[in-house]
Amino acid sequence: MSTASESVVWAGAVEKPDPATAELGDSQREYRALMRKWWFAAAVGAPTMILSYPWILPVLGDWLPRGSDRLRAVWVAMGVAALAVLAYSGSQFFSGAWRALRHRQANMHTLIAMGTGIAWLYSTIALADPGLFPDETFTEVYYDVTVVVTALVVLGLALEVKARGRSSEAIRKLIGLQAKTARVVREGRELDVPVEEVVAGDLVLVRPGDKIPVDGEVLEGTSAVDESMITGESIPVAKAPGDAVIGATLNTTGAFRFRATRVGSETALAQIVRLVQDAQASKVPIQRIVDVVSGYFTPAVMIMAIGGFVLWYDLGPAPAVAYAVIVAVTTLIIACPCALGMATPMSLTTGVGKGAENGILIRSGDALQSASRLDAVILDKTGTITWGKPVLTDIVATGAPESELLRMAAAVEKASEHPLAAAIVAVAEERDLRLPPVDSFEALPGHGVMAAVEGRTVVLGNRRLLEREGIDTSSLDGDWQRLADEGKTPMYAAVDGRLAGLVAVADTVKDDSVAAIRALKGLGVEVAMLTGDNRRTAEAIARQVGVDRVLAEVLPEDKAAEVKKLQLEGKRVGMVGDGINDAPALTQADVGFAIGTGTDVAIEAADITLISGSLRGVVTAIEISKATMRNVRQNLTGAFAYNSLGLPIALGVLYPLVGVLLSPLMAAGAMSFSSVTVVSNANRLRRWRPKEIST
Amino acid sequence: MTPDQVAVTLAGLAAIALVVWFFWLKKEEGMRAMLTSSGYQEAMILVKGGYTPDTVVVARSTPVRLVFRREESSPCSEQVVFDAFEKSARLPEGKPVAIELMPTEPGSFPFTCQMGMLRGTLVVE
C-alpha cells in the first residue's frame, strides 16, 4: 500500500551495529541459554515421569504404594523441583506471557505458561488439601506434565532458534565477502589500510588473487575478475581501463590500479545487503491473511480450553475434574501459533537469500509472490535479448577479395559517426587491415556514405543511393533480401561505379538468450519481445530466439502502454528492461525485472534486479519465486492442518468415538515438532540450485 | 445438572466473556507523538514482550520518527515491520533504532514483529 506513504526515508540506525555479527551473537547466545534450560528440565523430567506413576513399575509400586506418606513426600519434593523447572527453564514463558498480558495480547508464551501453570497448581492443591476432592483418583499429580512439557517446548525453541540462524545465512555470507584491507597509494606511498579507511577518489592497487576492496573504475592495467559472488555469473569478466569494478569481487591473474568511486555503505555490496535485509523483513501477501487469523488465534484457543473444561466437567466420565483439567491443559499446549506465524517469514528469508546468492535481488515478498505467478514476460530486445551493439555479421564480395572490400568499406566508414559504421571499422582493425586515408567524404542521411579512397570512389549504402549513382544492384538483390530477412541491416558497396559486394551489420543475440527463452516457455510463461525495430527485423530476431509474440515498432514512451495492453488480456505480466529507459514499463508491469550492470543494484523501478546482464537471471528469479511460494504454501498448509486437527483431538473428539484422549505430553511433543518442521521445511530451500540451462 | 456443574458452567462462560473482553474488546487509546524542533513527530517505543506504547497517534503529512529500543533477547521481536509503509528494521538488543515514515493518509496502520505476534498500531489522524 505505497499510497499511504511517500518518500519513506530510512534514517537508519541511530547506532549502526554490524548486523551480521550482532545477529549471529544474539541467536547463538539464545540457543545456548535455551539448551541449558532444556538440560535442566530434562534432568528433572526423567525421575518425575517415573515417580508420578510409581505403581507402573512393580518394585517402585511396592515401595511407594498409592496413598502412602512416603509417596506424598516424594510428590512434595517433585512439586518443588517442578516449580524450579518453571522458574528457570520456563521463565521465558511466564515473563513473555506477563508482558503480553500487560498489552492485553496473548501469544505462544501465554498458552504454554497457562498450560504448565495450571498443571502445577492443580497438582499442588491436590497434594496440599486432598480433602477438597471427592475421591483419591482426583488427587493424582501432574508435575510430570509441568516439567516434561516445559522441557519439550524449550527444546523445540532451541532447535528453532538454531534453524532460524541458518535461514539468514545468506546475509552473513554476503557480509563475509567484504575485503578487510585495501592497498592504496597516498602521497606517493603504497599503504595497506583497513577497508573502512578507503575514501572515494583513493587510488587502489589490486594484485593477482586480491579481493577488490571497494567499487571503482580501472585506471591502468588489465585483468579478469571473478564476479560470481555478486552477479552469479561464473565466467570471469575482463577488465581494462575505464571499466567498472565491484567491491568484494576477486581478481584473478592480472594486476591493475583503480580509482575508488563508492565506499562504505555506498558500495554495491552494501546496497545488496540492505536490499536483501529489507526484502527478508517484508511480507508475502498471503501472510496478511495469516496475520488476521493469528490475531484471533491465541484467545480463541483459550476459549476452546475453557469450553473443553466445562464440557468434560459436565458431560465427561469420572473423575470429571481430572479429565477436564487434562483436556484444558492439552488444548492450551497443542495449539501452535508459532508454526502459523513462522510459516511464511522463514521461507521468504531463505528464498530471498537464495536469490542474492545467484545475483538476483528480490525487493519484497510482494514481488516474490507476483513473480511466481507470471503468465507472460515481455523482453526488451535491445540490450536484453541482444547485446545492444551492432556487429559486422556478413561480407558478400563479388570479384575482389573479401578483405579488400572490407578495407575499402572500413576506410570510408571510419570517417562516419554512424553506430553501424563503428561495427565495420572494428572488424577491419581486428584483422589488422591498414585503413587508407579518405578524401571528399560525404554522409547522406538515410542513404549511406561515399568518399574517395586511394583515388577510387567508394559508395556504401542502401539501394536508393546506388540507384541514384546509376549502379545496378540486381545481381546481389537476392542476398540483400536474405540478410534482411535474418534481421540484419545489409548495405551495398560499390567501387568506381561497379557493385563490389554487400556488408551486413546486426545486433547479435546474446549467447544464452535462446536457452533462457526456451526455459521461460518451459515454465509456462508466454514470452513477448518488445522493440522499436521494424516488424521484419523484429520477427527475424524473434524466430531466431523462439519468441512467441512480437511487439514491434514501439516507441520508447509507449512501452508502458504495451505492458498494459497485455495486462488487459488478463495476464500477469513481467517486464524485463534496463531499469532507466524502461522505468515506466517496469513500474507498470506486475513484476519489473531490471537487468543491472553490476554496480548499479538499487534500481528503484524494479521489483527484481538481475545483477548480471543475462536473461537466465529471469528464469532463475521465477524459479526461486515458485520454489519459495511452494514452500510457503507447504508450511501454511502444514501449520493450518496441524492446528485444525490437533485442537479437536486435544479437546477429546476422539474419546467418544475410539476412547482415545491425548496426553499433554504428546501435545507438547507435537507442538514442538510442528514448529521445528516448519523451520526445517523452510531450510530445505537452502539446498535449492538453479537448473542448468543447456545452450 | 448438579450444583457444582452449574457453577463450573457459569464460571466457564464468565471466563470466556473475560477473554473476549480482555483481548478483543480493548480500546486503543495510545500515545500522541511529540513534535520536535527538527520537524518530526517523535515517539520512543520499548520492545519487551510487546510494544510500549503499542498505539502511537500522529498527524498526517508531517514526518514521523519512531525510535525502537528492544530490551529482550527473544528472537521473536528482532524485526519490526510496517507493512503499509513497506518499511522494516532489525532491532539489535539494547540499541535504539529509528524508523522514519511519512504518513499521507489517515487511518490505522499496524506494525508487528515479523511473525505478527507482537502488534502495535500507528494511528494517523
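Throughout this document, residue positions are counted from 1 along each chain, in the order its sequence is written. Here chains are named by letter from A upward and ligands by number from 1 upward, in the order in which they appear as written. Given that this is a predicted model, residues contribute local features only at a pLDDT of at least 70 and side-chain atom pairs are listed and counted only at 80 or more, while totals for whole chains, interfaces and linings are drawn from all residues. Side-chain measures here rest on the full set of heavy atoms in the structure, leaving out hydrogens and waters.

**Q** Help me out: how do you make sense of the sheet that holds strand β13 (residues 448-453) of chain A in this one?
**A** Residue and element names in this part refer to chain A. Here, a strand pair is defined by DSSP locating no fewer than two bridges between the strands. The helix and strand labels rest on DSSP assignments: H or I over at least four residues marks a helix, E over at least two residues marks a strand, and numbering proceeds from the N terminus. Spatially, the six strands line up as an open sheet ordered β11-β16-β15-β14-β13-β12, and their pairing is antiparallel. In this open sheet, the two edge strands, each paired with only one partner strand, are β11 (386-397) and β12 (438-444). With direction set aside, neighbouring strand axes in the sheet form an average angle of 20 degrees. Pairing analysis gives four bridges linking strand β14 (residues 456-461) to strand β15 (residues 489-495), with the strands arranged antiparallel. Paired with G461 across the two strands is Y492, which belongs to β15. Should any heavy atoms of two residues lie within 4.5 Å, those residues are considered in contact. Throughout, an axis means a line fitted to C-alpha atoms (over the contacting stretch in the case of helices), and angles, computed between N-to-C directions, take values from 0 to 180 degrees. Of the strands in this sheet, β11, β15 and β16 (498-509) touch helix α16 (residues 419-430), which is tilted by about 60 degrees from β11.

**Q** So what exactly am I meant to see when it comes to helix α21 (residues 559-568) of chain A here?
**A** For an α-helix, 3.6 residues make a turn, and residues three or four places apart therefore share a direction. Residues and elements named next belong to chain A. Throughout this description, buried means an accessible area under 20% of the type-specific maximum (1.4 Å probe, protein chains only), exposed means over 50%, and partly exposed covers the range between. Among the residues of α21, those classed as buried are K559, E562, V563, L566 and Q567. Around the axis of α21, the buried residues are gathered within 145 degrees of arc, so they sit on the same side. Those residues of α21 hidden inside the fold are in contact with β10 (376-380), β17 (526-530), β18 (549-551), β19 (573-577) and α22 (583-588). At the C-terminal side of α21, G570 shows a positive phi close to 85 degrees. Throughout, the arc means that of the directions going from the helix axis to the C-beta atoms.

**Q** So what exactly am I meant to see when it comes to the nonpolar core here?
**A** Across soluble globular proteins, nonpolar side chains have a tendency to be buried as a group. Buried Ala, Val, Leu, Ile, Met, Phe, Trp, Tyr and Cys residues form a nonpolar core when they are joined through side-chain atoms within 4.5 Å. Membership of the largest hydrophobic core comes to 171 residues, with the highest contact counts inside it found for A:F593, A:I608, B:L66 and B:F68. For this core, the element with the most residues is helix α23 (residues 616-651) of chain A, which contributes 13 residues. Dropping the residues within four chain positions of it, B:L66 is found in contact with B:A43, B:I45, B:V56, B:F82, B:V97, B:A98, B:I99, B:L101 and B:L122. The next biggest cluster of nonpolar side chains, apart from the first, holds 28 residues, and it includes A:L392, A:A411, A:V412 and A:A500.

**Q** Please clarify how the sheet that holds β18(A) should be interpreted in this entry.
**A** Residues and elements named next belong to chain A. If you trace the seven strands from one edge of the open sheet to the other, you get β9-β21-β20-β19-β10-β17-β18, paired in mixed fashion. At either end of the open sheet lies a strand with only one pairing partner, and these are β9 (360-362) and β18. Averaged over neighbouring strand pairs, the angle between their axes works out to 20 degrees when direction is ignored. As defined by bridge partners, β9 adjoins strand β21 (residues 608-610) across three bridges and the pair is classed as antiparallel. Directly across from I362, in β21, lies its bridge partner I608. Contacting β17 and β18, helix α20 (residues 535-545) crosses the sheet at an angle of about 145 degrees to β18.

**Q** Where do I start with the interface of chain B and chain A in this structure?
**A** How big an interface is tends to be reported as the loss of accessible area on association of its parts. Facing the 60 residues of chain B at the interface are 57 residues of chain A. Taken together, the two surfaces of chain B and chain A that pack against each other cover about 5400 Å², and 56% of this comes from carbon and sulfur. For chain B, the biggest contributors to the area lost against chain A are B:Q114, B:M115 and B:M117; these three give 13% of the whole. Between Lys or Arg on one side and Asp or Glu on the other, a salt bridge is scored when a side-chain nitrogen of the former is within 4 Å of a carboxyl oxygen of the latter. Joining chain B to chain A, the criterion identifies two salt bridges. Each of two parts loses accessible area, computed with a 1.4 Å probe, when they are put together; buried area is these two losses added.

**Q** In this structure, what is going on with the confidence of the model for chain B? I would like to understand it.
**A** Fine structural detail should not be taken from predicted coordinates in areas where pLDDT scores are low. Residue and element names in this part refer to chain B. Every residue gets a pLDDT, meaning the predictor's confidence in that residue, from 0 to 100. Overall, the prediction assigns chain B a mean pLDDT of 86, with 99% of residues at 70 or greater. Element-level mean pLDDT values for chain B span from 82 in strand β8 (residues 87-90) up to 93 in helix α1 (residues 3-24). Here the predicted complex carries an ipTM of 0.79, next to a pTM of 0.79.

**Q** Explain unusual backbone geometry here, please?
**A** When glycine is set aside, most residues are seen to have a negative phi, and most peptide bonds are trans. Of note, the bond from B:T52 into B:P53 is cis; its omega dihedral lies within 30 degrees of zero at -5 degrees. Along the chain, B:P53 falls in the loop between β4 (51-52) and β5 (55-58). In the Ramachandran plot, A:E187 falls in the positive-phi region, its phi being about 50 degrees despite a non-glycine side chain. Take A:E187: it is sitting in the loop between β1 (181-186) and β2 (189-194). Non-glycine residue A:E553 carries a positive phi angle of around 55 degrees. Along the chain, the position of A:E553 falls in the loop between β18 and α21.

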